[in-house]
Structures are given as C-alpha cells and as structure tokens.
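Structural features, examined
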Amino acid sequence: MAEVILEKWQQAVSTVNIGATRADGGSRSHVVKVGGESTLPFLFSEGSLPNRPVIAFELCDIVPADWPQELASAYGAGFGDPLSWAQKCVKEYQAKILCLRLQGAHPDFGNKSAEEEAGLISALLKKVDVPLIILGCGDDAKDNLVLPAVCQAAKGERCLIGEAVQDNYKTLVASVLADGHNIIAQSPIDINIAKQLNILISDMGLALEKIVINPTIGALGYGLEYAYSIMERSRLAALAGDKTMACPFIAYVGQEAWRAKEARAEAGQGIIWEMLTATALIQAGADILVMRHPLAVEKANNYIEELMRTNGV
Amino acid sequence: MALSGLDIYKLLPKTNCRECGFVTCLAFAMALAKKSISIDKCPYLTPEAKKALEESSLPPIKLVTLGTGENKLEVGNESVMFRHEEKFHHPCGLGFIIEDSLKDAEIKERLERINKLKFERVGQALNVSLAAIRQNGEAKRFREAVKLAADNTNLALALMSSDLAAIRPALELIKERRPLIYSAAKDNLAEMAKLAKEFKAALVVSAPELEALSGLAKELSNQGVNDLILEIGKKSISARIWDLTQQRRQALKKSIRSLGYPSLVVVDEKDPYEETIQAATYISKYAGIVLIKGIEPWQALSLLTLRQNIYTDPQKPLQIEPNLYAVGQANEKSPVLVTTNFSLTYYTVLGEVEASKVPAYVISVDTEGMSVLTAWAAEKFTPEKITEALNKFGVKDKVSRTRLIIPGYVAVLSGDLEDKSGWQILVGPKEASGIPSFLKNL
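Below or above, wherever it landed, is the structure these notes cover. (Residues numbered from 1 in each chain as written. Chains lettered and ligands numbered in written order. Predicted model: local features only at pLDDT ≥ 70, side-chain atom pairs only at ≥ 80, totals over all residues. Heavy atoms only, no water.)

1. Brief notes about the pattern of salt bridges
A full pass over the atoms with the stated rule returns 38 salt bridges over all chains. Across the pair Lys112(A) and Asp61(A) runs a salt bridge whose closest N-O atoms are separated by 3.8 Å. Within this pair, whereas Lys112(A) is found in the loop between β4 (98-101) and α3 (114-127), its partner Asp61(A) is found in the loop between β3 (54-60) and α1 (69-75), the two being separated by 51 residues in sequence. Overall, Asp61(A) belongs to the buried group, its relative accessible area being 3%. In this structure, the salt-bridge partner of Glu109(B) is Arg113(B), at a minimum N-O distance of 3.8 Å. Of this pair, Glu109(B) and Arg113(B) both sit in helix α4 (residues 104-115), separated by four residues, roughly a single helical turn. Exposure remark for Glu109(B): the relative accessible area of 41% places this residue in the partly exposed category. One connected set of salt bridges, linked through shared partners, spans Glu7(A), Glu46(A), Arg249(B) and Lys253(B). (Salt bridge = Lys/Arg side-chain N within 4 Å of Asp/Glu carboxyl O. Helix = DSSP H or I, 4+ residues; strand = E, 2+ residues; numbered from the N terminus. Buried < 20%, exposed > 50% of the residue type's maximum accessible area, 1.4 Å probe, protein only.)

2. Some details on the nonpolar core
Counting 177 residues, the largest nonpolar core has Leu98(A), Ile201(A) and Val290(B) as its most contacted members. Sort the elements by how many residues they give to this core and helix α10 (residues 269-284) of chain A lands first, with 10 residues. With near-sequence residues (within four places) excluded, Ile201(A) lies in contact with Ala164(A), Tyr169(A), Val173(A), Ile183(A), Ala185(A), Leu206(A) and Ile211(A). Core analysis: the second largest hydrophobic core is formed by 23 residues, Ala330(B), Val336(B), Val372(B) and Val399(B) among them. (Core = buried A, V, L, I, M, F, W, Y, C linked by side-chain atoms within 4.5 Å. Contact = heavy atoms within 4.5 Å.)

3. Re the layout of surface pockets
Residue and element names in this part refer to chain B. When its volume is computed, the second largest pocket comes out at roughly 780 Å³. Breaking the lining of the second largest pocket down by element, the ones donating at least two residues are β2 (73-75), α4, β5 (124-127) and α11 (297-311). Considering only residue class, the lining of the second largest pocket consists of 14 nonpolar, 10 polar and eight charged. (1 Å grid on protein atoms, 1.4 Å probe; cavity = no way out; pocket = protein on both sides within 12 Å on 5 of 7 lines; lining within 4 Å. Points joined across faces, edges and corners; volume = space filled by probe spheres on them. Nonpolar A, V, L, I, M, F, W, Y, C, P; charged D, E, K, R; others polar.)

4. As for the sheet that holds strand β14 (residues 336-340) of chain B
In a beta sheet, neighbouring strands are held together by backbone hydrogen bonds and run either parallel or antiparallel to one another. Residue and element names in this part refer to chain B. Spatially, the five strands line up as an open sheet ordered β13-β15-β14-β16-β17, and their pairing is mixed. Edge positions in the sheet fall to β13 (323-327) and β17 (424-427), since each of these pairs with one other strand and no more. Averaged over neighbouring strand pairs, the angle between their axes works out to 30° when direction is ignored. Two elements, β14 and strand β16 (residues 403-406), share two bridges in a ladder whose sense is parallel. For valine 336, the partnering residue across the bridge sits in β16 and is leucine 404. Strands in contact with helix α14 (residues 383-392) are β14, β15 (360-365) and β16; relative to β15, the strand with the most contacts, it is inclined by about 125°. The strands touched by helix α15 (residues 414-421) are β16 and β17; relative to β17, the strand with the most contacts, the crossing angle is about 155°. (Pairing = 2+ DSSP bridges. Axes fitted to C-alpha atoms, helices over the stretch in contact; angles between N-to-C directions.)

Laid out in structure tokens, this is it:
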C-alpha cells in the first residue's frame, strides 16, 4: 500500500452560532454552534469536525395538521400546546435546540395574526432557555407579515429563522439583519439556486456566516438520493473553495420521513424511517436535523455521539 | 487505473517496426489507450510491459461473485468515490448471521424468516443476499448447522469460522454453491488459500489495519486466490468510514491492486435500531457486503430501500414505460388520471389509486423520468405532451367521458390543456395521499 491519501481541501464550512447567552446580549443558556467542518463527514484523519451535527425537536404552534397519531401520543398532553410541548422536549428529552413551525399563521390553518405569533415567541423565550429555530407557515404573503414581527420579538436572541426562497427573501433578510438573527435559505435540490440565493442574501448585507442552507430533502425511499448527492456535491464545492456554498445544511427529516407510506403503514416503522433518513443525511453532511419522534431523536443522538466521541480512533 | 497513450508508449519498444499495422509505436499506443486494438499485435513487447498493460486494463475494484443461479450476488467493480460522479454499480449485499449454537428448530425458523425478506418498491424487487453460519462450538455442530442452511435457503451462504477442521467438511456439503469463507487472517493464510482454491469459494481476508490487510491480500493473490473480500477488524464507526474511504481511494486513485477488492463489514450491535443505523452507514459508505444479526422485516425493508436509493443511477432515474394503465376493473365509466413516468411518482399514484378501490386509468406521460414539478419546469409535462399521450394511447376509445384528472401542483396547466386536448380538466390533489378521498367524492 502506498501512503495514506489525504485530500487537500481549501476551506472549511462556516460556523453558524445559534442562540445568544447573556454575555452576547440574549437570554439563552447556551449557544449551539453548527458547521465548521474542514473535511467530509467524519474523516477525522483528514480534517477537523469541531461541531457535532445537532438535532432540533420540531414543534408546532397548533395541533399540527399532518402528524400521525403515533407522534401525537409520543408527546401526550402537551402536543399542540407549544409552550408545554417545548418544555417537555427540553426537560424530558434534553433538547438542546428547538424548531418551532408557525403553521397556525397559515390562512388555511387558523390564520393567526403577526401579533399573536410574536406574543407566542416572547412567551416561549421565557418558558425555555434553549436556542430557537423559527419557521414561517409557508404562505409567502403571510410569512412576510408574521416573520418580521417574530424576529423583532426575539431580537438579540440570535435565532435561526426561515425560510428565504429565491422569489421571496428580501423582507426576511431585512428583518433578520435588523434583529441579529441567522437565516435559512431554501433551494429546491439545486446547487445553482443555492449559490445564487446565498449571493443575493449576502448582497443585502447579511454575512454568509449567518446563512444555513436547506437543500430540501426527500425521505428514505422518496428521493433521498437526490438530496444525498446534492449535499455531497455542495459540500465538495465548499471544501474546494467556493465561499458561497460553505454554509451548514439543515434537513427537515421528520417532516419528510413521516409522510412516507411505510412510516404510516405500521407502528414503529415511522421511527426507523425517520432514523435512517437522518443517518444517510448525516453521512451526506447534514449539520442540523429537524426531527419529530423522541425515540428517533434519541437513537440519532447516540449515533452522532458515537461518531464524534471516538474522534476517528 | 487506465494508462494514457503516453504512459503506454513508454512501455513499447519504440522501434516503429510497423508490424502491428500502425506507422509508429506512438500511434499504436494511442489505439491501445482507446482499447480499439489488442496488445498482442506487438510481437516485441517485454513480459514486464505486457503484465503492466494487462493490469492497467483490469477494473480497479474486482468483481466478486458469490452464490449461484437467481441468488447470485455480485459485488465490486466500483469506479467512483461519489455516486454523482457516475454511479455505484453493484448494490451492497445484505446478509444475516446465524449462530450454530441455536437449536435446529430455531435455525430453521430464522432461515424461513430470512427467506421471506422480499419486498417490492417502485417496480423493483428488493432482496437480501446471504445467510452466514457462525461457528460457536465443535466442528460437527457447525457442519450440521451449515447442512440446515443449505437445505432451507437458496441464498448465497457464508461460513464464519477460523477452524480449518470445521470449514472443510462444511465446504464439502456446499461446494456447488460458491460460498464465502470468513475469514483468512495472518496466522491461517496458506491453509485458507488452499481451501478457497480447492472449493472455488470467495474468501474474506481480515486484518486489524489497512496496511496489513493490503499485505495479506497481496500474498493471497500471489498464491492464486483472487476472489477476495476485505475486512478491517472491529473499530469505531468513524474509523471504519475512514478505512472504507481510504481503501476505495487507494484502489481508484492509486491503482493499488491489493486493496482493489470489495469490502465487508460485520455489524456487532445488540440494539436493533443501532444495528440498523450502523448497517445503513456502511451501505452508504462503500461496503460491498454488510452482515447483521437482526432479521426483523422493518430492518431489512429500510436497509434495502436505502441501498436502492444509494445505488440508483443518478443519470437515469428509475422510470416506467409511458402508457395507459388500467387499475382494478377499469371500464368506460372509470376516471382517468395523468402523471409522469418517474417510477417513484407513478408507483405512489398507483398505490393510492389502488387503495381508493375505485377502478381507474392512470396515464404515465414520457417525462424522461422526471417528477411532476421538475418535469413541468423542464417543459416535459406540458399541455402538448399530455395531449400527445392521450392520443397516442387511444384513451378516448377506452372511456365514455373525456375528463382528465391532473396533479394539483400543475393546476396552472388546466386552461391550456383543455384547449389543446379538448378534454375536460379536473384538478386533483397536490399530494398522492389525497387521491383516495378525491376519487371517492368524484
């Protein structure tokens, strides 16, 4: 055998800091750092992976419209009540970061006002002290009303807010910039759109180090391989020196996995579907995984710890 | 790794004798690089040069075959580090370890359950590959367990034992089945090589580190054993990923022959979730064979689905033949739905139409394997294309009412499609999961 082959990568993925402690002007108990890899997933012999992939528990501001009963019963009484749901995740499941989806703001799912949602965020920030990811409802017009109010309510807490898309990013970028948050840039399984959107966002003055890419994923058996390869290609471009691609990835694992027919076919199978979707994407370079079932989260966390703990030895 | 024309030229006599039919040795070298002529045309090639040239034309990772007939497993022949660079060629084999210490009835029951691990997804059969019998006690018991396996499954077999006295009688039993022997190591190399040759079996060779493994593989190859599968001893997951990555890099980038074989990983993990997660990791990261103990259907289904995803050709998405498909007892009163010919889309729609119990027709339009939105954006799922499909498949002759249900995501096509096709257009649900209630309330 010849000498060990080491790739000479040109740059590392940027490190995004989510959450601000008192020292940073916020009220979170800790900061979650994501990204920073200077090599491909878990090749510790070749570069450093200073921050472990993190798992964010996904919550909703209402009883979510499309979650199966298996998930509802996993959370019990707090399900659909964001404050007690959040507290359960932090206290019972030791969540280090939460992802709140403001589905209730959607015109079809309750049409909550910007004021209501901003009020919820203020209350949530008081209730739990972990860093937050906050997602709009997906209706562009409504999100452009709600998310600025939400950003302001969480001013200085350095949340991760989403999502900016190619034809609707300006309002969100301006708010995120004004209130000191990070942003999620969504690009539908397309490297060029990801690049372009990152450039557009950074042109408005938000640093690339404040951007997390949502490459949009498919679940195991439902187009997982597209996301897998797009993430590998993007990460290779980043390591090879493309600054506009050197952002961490966020993957909505729970959302996609629980849509799969197999996940709903029989009890327990959704958990494995969510777990294996996460496993594959962790190996493709995912930095933040937004997940739903506590057991799937636990197993994925153990896996990540095992990957990181041994430090490649 | 393939040599360039200039690399080959350096190995030629450079006499320009023209006996090969080319004017110069350089021209001959260029033809060789393009593989358009055989090296035998040069009568003056030195044996060393010939060997180098022959080796350069071998695939960088050897194709190894196990088992026979329908249950043949081929692994190896991989050519890239990342699937987007070309594709991964030979799907990783998934096998199950059965301890010979189990009672006969338990072994039989496990084998029966393993035999049932067959699934179908998006029109492809998903099968497991191997039953691996592991020795825990005496040679006699091992032979009995192997006999049970041979009699009760057609899957390829692996013999897990380093006891030469146990392996030989077991091999005698299954010599026609091209089994896998697990495993040769430093201290039994010569004996294992002899057995592998005698019984034409593939051989796993194990070492604690890559460097040592490379040495052992080289020695075996020198002894004429070339159907090898490589295994690094027990390590942490990340360390294994590094070794598997490094092994493939060495084979592909440096043409290191002694590492140019498929690799095998034994997952030794009691918790079935963690076992599945680890197996999934190695399926994604270059393993040729993964052996686990768990035989739950959900484990096999999820792992085989992952394997299907990872080994799908990125340039050729799975697609079905564009056509008009009848679901259930479809007749002239049945509704007609249209979708793309991307397998995942088509089979998802098909599954929901079947679940609705409403007999219907599904048209799959030739979108070159793209999904609904992608095809729409790429102009492969347009009013013209859909109209063309309606005419081509003679849909009008099948139904009395010319009413077409289109996917909710392409509602925007409605007006134009109505004009072009003359059919009444009905906008269906955005997600296939909405089809059953949509059809029932039609």
